[in-house]
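Spelled out from the first residue to the last, the chains are:
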Amino acid sequence: MDKENQQKRDIILHIRRFDPERDESPHLEQYTVKVEPGMTILDGLHQIKQNQDSTLSWRFSCRMGVCGSCAMLVSGRPMLACNTQILDITDRALTLAPLPNFDIIRDLVPDLTRLFEDHVAIQPYIQGQDAEEMENPTGEFFQTPHELEKYLQFSYCIKCGCCMTACPTMATDREYLGPMALAQAYRYNTDSRDRGYESRKSVIGASHSTFNCHYAGECSNVCPKGVDPARAIQLMKRDLVLDYLKLKKRKKACRVMGIPSDVERKPSIPFPPYTVEQK
Amino acid sequence: MSNNEKMYDNRLGIIGWLGGGRWGIERYLYIIHRLAGVGVLIFFILHIFEGNLRIFGPEIWNPVMKVMEHPVFKVGELFIIIGFAFHALNGIRLILIELGWAVGKAEEPVYPYKSSLNTQRPLMVIMLLLAILLIAAGGFDLMFLGH
Ligand code: SF4
Ligand code: SF4
Ligand code: FES
């Protein structure tokens with residue numbers, strides 16, 4: 001017991017709070033949490049909500065760096081609360097604030113409507129060469145490992161918004177599409193199965209878009225998934241320039257691998273037996 | 001808007017644009033690039049204006065040239081050299097990057113993540129060294145050769 005307590009430390013969390021019903025603007029409030037090694041910021045927030053202040057609000061879901069909902073500003077840097085251990089960044093105090101560049105709904109909860117609208121705007125889905133094949137597939141699209149590598153890195157994005165918070169263009173330009181959406185546009189454009197470049201072009205080639213990025217590189221610095229949106233955006237600039245100069249290579253047709261007829265399909269995994277008796 | 005409640009506008013604006021803090025070096029270069037660009041542009045406008053004073057004849061031209069010999073303008077000139085050298089060489093770096101030449105290919109993200117920032121860093125170092133060289137040469141010329 002003593003040993004356990006020895007490992008615990010008192011850490012002060014300054015949390016930026018805002019209640020739309022009472023406050024005109026956000027203010028800082030101070031909480032002290034008992035932190036043991038391995039505890040994440042998300043754990044700290046739960047501790048406060050459980051023991052000190054049940055009105056504290058924040059967003060989270062998966063608590064393992066997959067869903068992207070718990071992004072917040074940790075001592076001035078956007079991070080995932082569930083993916084960051086408190087003792088890794090401080091042994092005294094830290095500040096938590098909602099992601100800037102988004103409106104605050106309440107406490108640490110930003111309004112991410114903009115993020116999702118931007119994502120929708122770049123048509124984030126495969127637009128196949130053959131509409132009929134997309135609707136009623138007769139087999140699988142063929143893709144080489146090399147073709148996969150071209151976009152795989154950018155497909156790890158979890159739409160957390162950290163990059164949009166760090167981007168200096170985002171901070172001043174209300175209409176800028178932002179690193180997340182632009183990187184996703186590139187992800188789909190480079191997919192060998194996709195033929196959507198022409199219809200995305202009106203969005204990614206417009207103003208407040210690809211060419212408003214000036215490579216400050218902050219998006220790639222803060223991305224918790226190593227997505228490197230800055231790289232995707234610069235590569236997309238090259239595509240747009242080459243396309244303008246009529247030098248862009250045409251994509252090769254994407255083959256469909258029909259289901260082989262001379263083999264037998266493995267039986268599906270059988271449904272597991274019920275653990276509770278059925279009535 | 002997803003709900004009707006009052007929300008707080010949390011856009012960082014100009015502070016977010018200028019704000020350094022815990023950012024990487026490319027972020028600072030981004031700001032200096034802009035400031036240097038505006039500085040050099042203002043110099044060009046003033047320079048054209050000053051050069052055109054000639055049309056008013058020697059009564060105006062000569063006193064203005066006298067003022068220009070003041071040490072303040074020497075220091076100003078040094079700043080122009082610094083601004084110009086930095087803006088030009090960093091600009092070349094940005095052109096190369098934005099044409100997708102210095103950012104490398106997509107790669108599997110393995111923690112601790114490396115990004116295109118790491119890929120372009122040798123280029124950045126070379127360009128900054130060249131800029132320093134240019135500034136030193138320009139400064140030497142200005143201070144000791146008096147051009
Ligand atoms: S690119 Fe990275 S920082 Fe941006 S939304 Fe995706 S996962 Fe988050
Ligand atoms: S590289 Fe572009 S998108 Fe990324 S932070 Fe900088 S300006 Fe924004
Ligand atoms: S809670 Fe899902 S990413 Fe943090």
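Residues numbered from 1 in each chain as written. Chains lettered and ligands numbered in written order. Predicted model: local features only at pLDDT ≥ 70, side-chain atom pairs only at ≥ 80, totals over all residues. Heavy atoms only, no water.

S.K.: Teacher, can you tell me more about the pattern of salt bridges here?
M.R.: What the rule picks out here adds up to 18 salt bridges over all chains. A salt bridge links Arg174(A) to Asp9(B), with the nearest nitrogen and oxygen atoms 2.9 Å apart. In this pair, Arg174(A) sits in the loop between helix H8 (168-172) and helix H9 (179-189) while Asp9(B) sits in the segment before helix H1 (13-18), so the two residues belong to two different chains. Asp9(B) gets classed as partly exposed once you look at its relative accessible area, which sits at 39%. A salt bridge links Asp243(A) to Lys201(A), with the shortest nitrogen-to-oxygen separation between them at 2.9 Å. Of this pair, Asp243(A) sits in helix H12 (residues 229-244) while Lys201(A) sits in helix H10 (residues 197-204), and the two are 42 residues apart along the sequence. Linked through salt bridges whose partners overlap, the residues forming this network are Arg17(A), Glu29(A), Asp53(A) and Asp107(A). (Salt bridge = Lys/Arg side-chain N within 4 Å of Asp/Glu carboxyl O. Helix = DSSP H or I, 4+ residues; strand = E, 2+ residues; numbered from the N terminus. Buried < 20%, exposed > 50% of the residue type's maximum accessible area, 1.4 Å probe, protein only.)

S.K.: Looking at this structure, I do not really get a positive patch on the surface. What am I missing?
M.R.: Side chains of Lys150(A), Lys249(A), Lys252(A) and Lys105(B) sit close together on the surface and give a patch of like positive charge. Its location among the elements puts Lys249(A) in the loop between H12 and strand S9 (256-258). For Lys249(A), a relative accessible area of 75% corresponds to the exposed category. (Patch = residues over 30% accessible without salt bridge, like charges linked within 9 Å, V, L, I, M, F, W, Y side chains within 5 Å. Areas by Shrake-Rupley, 256 points an atom, 1.4 Å probe, with all protein chains shown as cover. Lys, Arg positive; Asp, Glu negative; His and termini not counted. Charge placed at Lys NZ, Arg CZ, Asp CG, Glu CD.)

S.K.: What should I look at first to understand the nonpolar core in this one?
M.R.: Ranked by internal contacts, the top residues of the largest apolar core, which has 73 residues, are Leu13(A), Ile15(A), Leu45(A), Met72(A) and Leu96(A). For Leu13(A), the residues in contact, after removing those within four places along its chain, are Glu29(A), Gln30(A), Tyr31(A), Val33(A), Ile48(A), Leu94(A) and Leu96(A). (Core = buried A, V, L, I, M, F, W, Y, C linked by side-chain atoms within 4.5 Å. Contact = heavy atoms within 4.5 Å.)

S.K.: Whenever I open this one, the site of ligand 1 confuses me. Can you help?
M.R.: Residues in contact with ligand 1, as listed here, are Cys157(A), Ile158(A), Lys159(A), Cys160(A), Gly161(A), Cys162(A), Cys163(A), Met180(A), Cys223(A), Pro224(A), Val227(A) and Pro229(A). Each residue belonging to the shell around ligand 1 can be placed in one class, and the counts come to 10 nonpolar, one polar and one charged. (Near = heavy atom within 4 Å. Nonpolar A, V, L, I, M, F, W, Y, C, P; charged D, E, K, R; others polar.)

S.K.: Explain the packing of aromatic side chains here, please?
M.R.: Geometrically, a pair of aromatic rings is defined through the distance of the ring centres and the angle of the planes. Residues and elements named next belong to chain B. All chains considered together, the criterion is met by eight aromatic pairs over all chains. Centroid distance Phe-140 to Phe-144: 5.2 Å. Interplanar angle 45 degrees. Geometry classified as tilted. Here the residue Phe-140 and the residue Phe-144 both occupy positions in helix H5 (residues 116-145), the gap between them amounting to four residues, near one helical turn. Take Phe-140: its relative accessible area is 47%, and that puts it in the partly exposed class. (Phe/Tyr/Trp six-rings, centres within 6.5 Å; stacked < 30°, edge-to-face > 60°.)

S.K.: Explain helix H4 (residues 71-98) of chain B to me, please; I cannot follow it from the model alone.
M.R.: Taking 1.5 Å of rise per residue, 28 residues should cover 40 Å, and H4(B) covers 40 Å from first to last C-alpha, within 8% of that figure. Looking at H4(B), one finds that the buried residues are Gly83(B), Ala85(B), Phe86(B), Leu89(B), Asn90(B), Gly91(B), Arg93(B), Leu94(B), Ile97(B) and Glu98(B). Of the surrounding secondary structure, the elements contacted by the buried residues of H4(B) are H12 of chain A together with helix H2 (25-52) and H5 of chain B. Gly100(B) lies just past H4(B) and shows a positive phi near 75 degrees. (Expected span 1.5 Å × (residues − 1).)

S.K.: Would you mind going over the interface of chain A and chain B with me for this structure?
M.R.: It is common to report an interface's size as the accessible area lost on association of the parts. Facing 61 residues of chain A, the contacting portion of chain B comprises 42 residues. Regarding the contact of chain A and chain B, the summed buried area is about 4,200 Å², with carbon and sulfur atoms giving 52% of it. The largest contributions to the chain A side of the interface with chain B come from His214(A), Tyr215(A) and Arg231(A), which together make up 16% of the buried area. For the interface between chain A and chain B, the tally reads four salt bridges. Here Glu98(B) ties to Lys237(A) by a salt bridge, and the two come within 3.0 Å at their closest N and O atoms. For the pair chain A and chain B, the interface holds 23 residue pairs in polar contact (both at pLDDT 80 or more). If you list the elements that add at least two residues to the side of chain A that touches chain B, you get strand S4 (77-80), strand S6 (104-106), helix H4 (113-121), helix H6 (145-152), helix H7 (162-166), H8, helix H11 (218-222) and H12 of chain A. Broken down by element, the side of chain A that touches chain B gets its largest block of residues, seven residues, from H12(A). (Buried area = accessible area lost by both parts, 1.4 Å probe. Polar contact = N/O pair within 3.5 Å; in protein donor to acceptor, adjacent residues only side chain to side chain.)

S.K.: How should I be thinking about the domain arrangement of chain A in this particular structure?
M.R.: Residue and element names in this part refer to chain A. The domain architecture assigned to chain A consists of domain 1 (8-110) and domain 2 (113-255). Just the C-alpha atoms count here: the centres of domain 1 and domain 2 sit 31 Å apart. Across the boundary between the two partners, domain 1 contributes 14 residues, which contact 17 residues of domain 2. Surface buried jointly by domain 1 and domain 2 totals about 1,100 Å² across both partners, of which 60% is contributed by carbon and sulfur atoms. Of all residues in domain 1, the largest losses of buried area upon contact with domain 2 belong to Pro-78, Asn-101 and Phe-102, amounting jointly to 45% of the total for that side. The tally of links from domain 1 across to domain 2 stands at zero salt bridges. (Domains from an automatic or database assignment.)

S.K.: Mind showing me how you'd approach the site of ligand 2 here?
M.R.: Among the 14 residues in the neighbourhood of ligand 2, the closest are listed as Cys167(A), Cys213(A), Ala216(A), Gly217(A) and Cys219(A). Residues that form the shell around ligand 2 fall into these classes: 10 nonpolar, three polar and one charged.

S.K.: Please explain the domain arrangement of chain B as it appears in this structure.
M.R.: All names here are of chain B. The domain boundaries assigned to chain B delineate domain 1 (43-69) and domain 2 (70-147). Taking only C-alpha atoms, the centre of domain 1 and the centre of domain 2 are 31 Å apart. Domain 1 puts five residues into the contact, and the matching count from domain 2 is four residues. Carbon and sulfur atoms make up 70% of the surface buried where domain 1 meets domain 2, a total of about 410 Å² over both sides. Among the residues domain 1 hides against domain 2, the three largest losses belong to Phe-43, Met-68 and Glu-69. Together they make up 75% of the total. Put simply, domain 1 and domain 2 have zero salt bridges between them.

S.K.: When you look at H5(B) in this model, what are you seeing that I'm missing?
M.R.: For an α-helix, the turn length of 3.6 residues means that residues three or four places apart are oriented alike. Between its first and last C-alpha atoms H5(B) spans 42 Å; for 30 residues at 1.5 Å apiece the expected length is 44 Å, and the two agree. The largest bend in H5(B) comes to about 35 degrees, at Pro122(B). Taken together, the buried positions of H5(B) are occupied by Ser116(B), Leu117(B), Gln120(B), Leu123(B), Met124(B), Met127(B), Ala131(B), Gly138(B), Gly139(B) and Leu142(B). Structurally, H5(B) contributes buried residues whose contacts are with H11 and H12 of chain A together with H2 and H4 of chain B. (Bend = angle between axes of the 7 residues up to and from the residue.)

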